[in-house]
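# Structure assessment
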Amino acid sequence: MPMTSMKLAGFAVAVGFAVAAHAADTVKIAFVDPLSGSMANIGENELATLTYLVNQINDRGGVLGGRKFEIVSFDNKLSPQETLAAMKNVHDRKIPFVIGGNGSSVGGAIIEELDKNNVRNPDNRALYLNFASIDPDFTNSKCSFWHFRFDAHSDMKMQALTNYLKEDSRIKKVYIIGQDYSFGHQVSRAAKEMLKAKRPDIQIVGDDLHPIGKVKDFQPYVTKIRASGADTVITGNWGNDLSLLVKAGKESNLDVKYYTYNAYGPGTATAIGTAGADKVNVVAEWHNNLANPKTEKFYADYRKALPAPKDELYYYRIRYAMDALVAGIEKAKSIDPLKVASAMEDLSWDSDMGRVTLRRDDHQLQMPMVIARMTNAGSPKAKNDVEGSGLGFETKVLLSADQSMLPTSCQMKRPEK
């Protein structure tokens, strides 16, 4: 059914939102992510994007000569335990494909569960399309045949970011700050290792980890950053931890540039406000002001269908996931997860952003990246704002897939055909 006729306000339903009309021959995809609680806005935004893309595919005729996709949504509340309960429901309903997985704990739970289920129940397997969990281990030491990742993992993003930063001779002193959990630790480690290798003259003048979601006043951290003499801050912070950090810096007239992973995401520009203008930068796979006629048209069509500020397009990488799934199904001439996974290995195609490849060795998508700066919207380079905030992003540099590529230590165990 056309997106314009859908009532997207109903996305917070825990289970059972369907895109296509229920039919025995639909190809079901389980969407597993938060649809309630403090992160509901993220899950709802992702689901809106997935729904739009699935409707496009269905309007073009679906797959395998007319089979349509159907989304079945599960609210995991960003909890590994709720995720495992959802996965049981996925298998009970014989759903062959799972997409989503915000948070490394959730992504890891899905991978481990599928590794077990798909051995024990070869007639009821499922395949995981991950666009949100970026733990490097998932395509290294913990790689799985049943897992494909469509976002750059955190080390790849740092590779792209430091390839850019190394060329800026103005950067002399870097302060690293992050949330005290696995992701924050990974960002800190990668930043130190890569800067040392690429720009040994840069001083790391601070390396702080703080409790996730519990710091209400970042002024003590801002005081430390100022005292360090830093000119640049690298942070993996997201949500309030990012917006409060930047706002505290603004209040103290802290003169630094922030380089982030998560400034381009639901609610972030609105929360940061003018404090982020010309201060906050992000490494991402896309933003809505690329000087690219193909992405401009895609974005314009998307916003025509989904004009509400809350439905702003952030998760462009979901498009990669659905492109790969459709290509894999058509190549395999089947929706059997084993056949589709085999068909998806080493898929390569010319996306609107450039050449992308699903590397066979680890099932990690190799893709172009962009580094963009938050600024006041309305200029030629930042025509579109985000969420009606008055703030937009402008491109600082486009990086090819080769510029974020890293080797893998994955020793993948492939099932017998």
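### Here's the deal with the overall build of the chain
Scanning the chain for helices and strands turns up eleven helices and 15 strands. Whereas a compact globule of 417 residues would reach a radius of gyration of roughly 22 Å, the chain reaches 21 Å, a difference of no more than 12%. Overall, the C-alpha framework of the chain stretches about 65 × 45 × 40 Å when taken along its three principal axes. For the chain, with 417 residues in total, the buried portion stands at 59%. Relative to all contacts within the chain whose residues are 6 or more apart in sequence, the contacts with residues 24 or more apart total 72%. Looking at the chain as shown, the accessible area adds up to about 16,700 Å², and 51% of this sits on carbon and sulfur atoms. When the 52 positive and 49 negative side-chain charges of the chain are each reduced to one mean point, those points stand 1 Å apart.

### Describing the side chain of Q159
In this structure, Q159 sits in helix α4 (residues 154–165). For Q159, a relative accessible area of 15% puts it in the buried group. The contacts of Q159, once residues within four sequence positions are left out, are M194, K198, Q403, S404, M405 and L406.

### What about the sheet that holds strand β7 (residues 203–210)?
Strands belonging to one sheet form pairs held by backbone hydrogen bonds; the direction of such a pair is parallel or antiparallel. Within the open sheet, the seven strands sit side by side as β7-β6-β8-β9-β10-β14-β15. Their pairing is mixed. With partners counted over all chains shown, the strands left at the sheet margins are β7 and β15 (391–399), one partner each. The sheet shows a mean angle of 25° between the axes of neighbouring strands, taken without regard to direction. Strands in contact with helix α7 (residues 240–251) are β6 (173–179), β7, β8 (232–235), β9 (257–260) and β10 (280–284); relative to β9, the strand with the most contacts, it is inclined by about 170°.

### Focus: the state of the cysteines
Under the criterion given, the structure shown has one disulfide. Paired by a disulfide, C143 and C410 hold their sulfur atoms 2.0 Å apart. Its torsion about the S-S bond being 80°, the disulfide of C143 and C410 is classed as right-handed. On the criterion of sequence distance, the pair formed by C143 in the loop between β4 (127–130) and β5 (147–149) and C410 in the segment after β15 is long-range, its members being 267 residues apart. A relative accessible area of 10% places C410 in the buried class.

### What to know about unusual backbone geometry
What is expected of a backbone is that most residues other than glycine have negative phi and most peptide bonds are trans. With phi around 50°, L64 is a residue other than glycine that occupies positive phi space. Assignment of secondary structure puts L64 in the loop between α1 (40–59) and β2 (69–75). When its relative accessible area of 28% is taken as the criterion, L64 is described as partly exposed. The backbone of N253 sits at a positive phi, close to 55°, despite the residue not being glycine. Structurally, N253 can be placed in the loop between α7 and β9.

### Points about the confidence of the model for the chain
Overall, the prediction assigns the chain a mean pLDDT of 93, with 94% of residues at 70 or greater. Confidence over residues 1–24 falls short of pLDDT 50; this stretch has 56 contacts with residues more than four positions distant or in other chains.

### Details of helix α9 (residues 293–305)
Taking 1.5 Å of rise per residue, the 13 residues of α9 would be expected to cover 18 Å, and the 18 Å separating its terminal C-alpha atoms lies within 8% of that figure. Taken residue by residue, α9 has T295, F298, Y299, Y302, R303 and A305 as its buried positions. Buried residues of α9, seen end-on, are gathered within an arc of 155° and therefore sit on one face of the element. In α9, the exposed positions that point more than 90 degrees away from the buried face belong to P293, K297 and K304. Elements that come into contact with the buried residues of α9 comprise α1 and α10 (317–332).

### Regarding the environment of N102
Tracing the chain through its elements places N102 in the loop between β3 (97–100) and α3 (104–120). Exposure remark for N102: the relative accessible area of 14% places this residue in the buried category. Sequence-wise, N102 and L50 are 52 residues apart; in three dimensions their C-alpha atoms are separated by 14 Å. Apart from the residues within four sequence positions on either side, N102 is in contact with D33, I42, E46, L78, A132 and S133. One polar contact links N102 to E46, side chain to side chain, over a distance of 2.5 Å.

### Digging into the pairing of β9
Note: β8 against β9, four bridges, orientation parallel. Along β9, the bridge assignment pairs T232 with K257. Read as a crossover between parallel neighbours, the route from β8 over α7 to β9 is right-handed. Bridge count between β9 and β10: three bridges; the pairing is parallel. Looking at the pairing, Y259 lines up with N281 of β10.

### Thoughts on the pattern of salt bridges
One pass over the structure, following the stated rule, counts 24 salt bridges. Put simply, D151 and K157 hold a salt bridge, and the shortest N to O gap is 3.3 Å. K157 shares its class with D151; the two are buried. With a closest N to O distance of 3.9 Å, K383 and E296 form a salt bridge. Here K383, found in the loop between β14 (369–376) and β15, pairs with E296, found in helix α9; they are 87 residues apart in sequence, far enough to count as distant. On the basis of relative accessibility, which here comes to 36%, the residue E296 falls in the partly exposed class. In the salt-bridge network here, residues are joined through shared partners; they are D151, K157, E285 and R317.

Cut-offs and rules
- Residues numbered from 1 in each chain as written.
- Predicted model: local features only at pLDDT ≥ 70, side-chain atom pairs only at ≥ 80, totals over all residues.
- Heavy atoms only, no water.
- Helix = DSSP H or I, 4+ residues; strand = E, 2+ residues; numbered from the N terminus.
- Rg over C-alpha atoms; globule rule 2.2 N^0.38 Å.
- Buried < 20%, exposed > 50% of the residue type's maximum accessible area, 1.4 Å probe, protein only.
- Contact = heavy atoms within 4.5 Å.
- Areas by Shrake-Rupley, 256 points an atom, 1.4 Å probe, with all protein chains shown as cover.
- Lys, Arg positive; Asp, Glu negative; His and termini not counted.
- Charge placed at Lys NZ, Arg CZ, Asp CG, Glu CD.
- Pairing = 2+ DSSP bridges.
- Axes fitted to C-alpha atoms, helices over the stretch in contact; angles between N-to-C directions.
- Disulfide = S-S within 2.5 Å.
- pLDDT = per-residue confidence, 0-100.
- Expected span 1.5 Å × (residues − 1).
- Arc of directions from axis to C-beta.
- Polar contact = N/O pair within 3.5 Å; in protein donor to acceptor, adjacent residues only side chain to side chain.
- Right-handed = clockwise from strand over helix to strand, strands pointing away.
- Salt bridge = Lys/Arg side-chain N within 4 Å of Asp/Glu carboxyl O.

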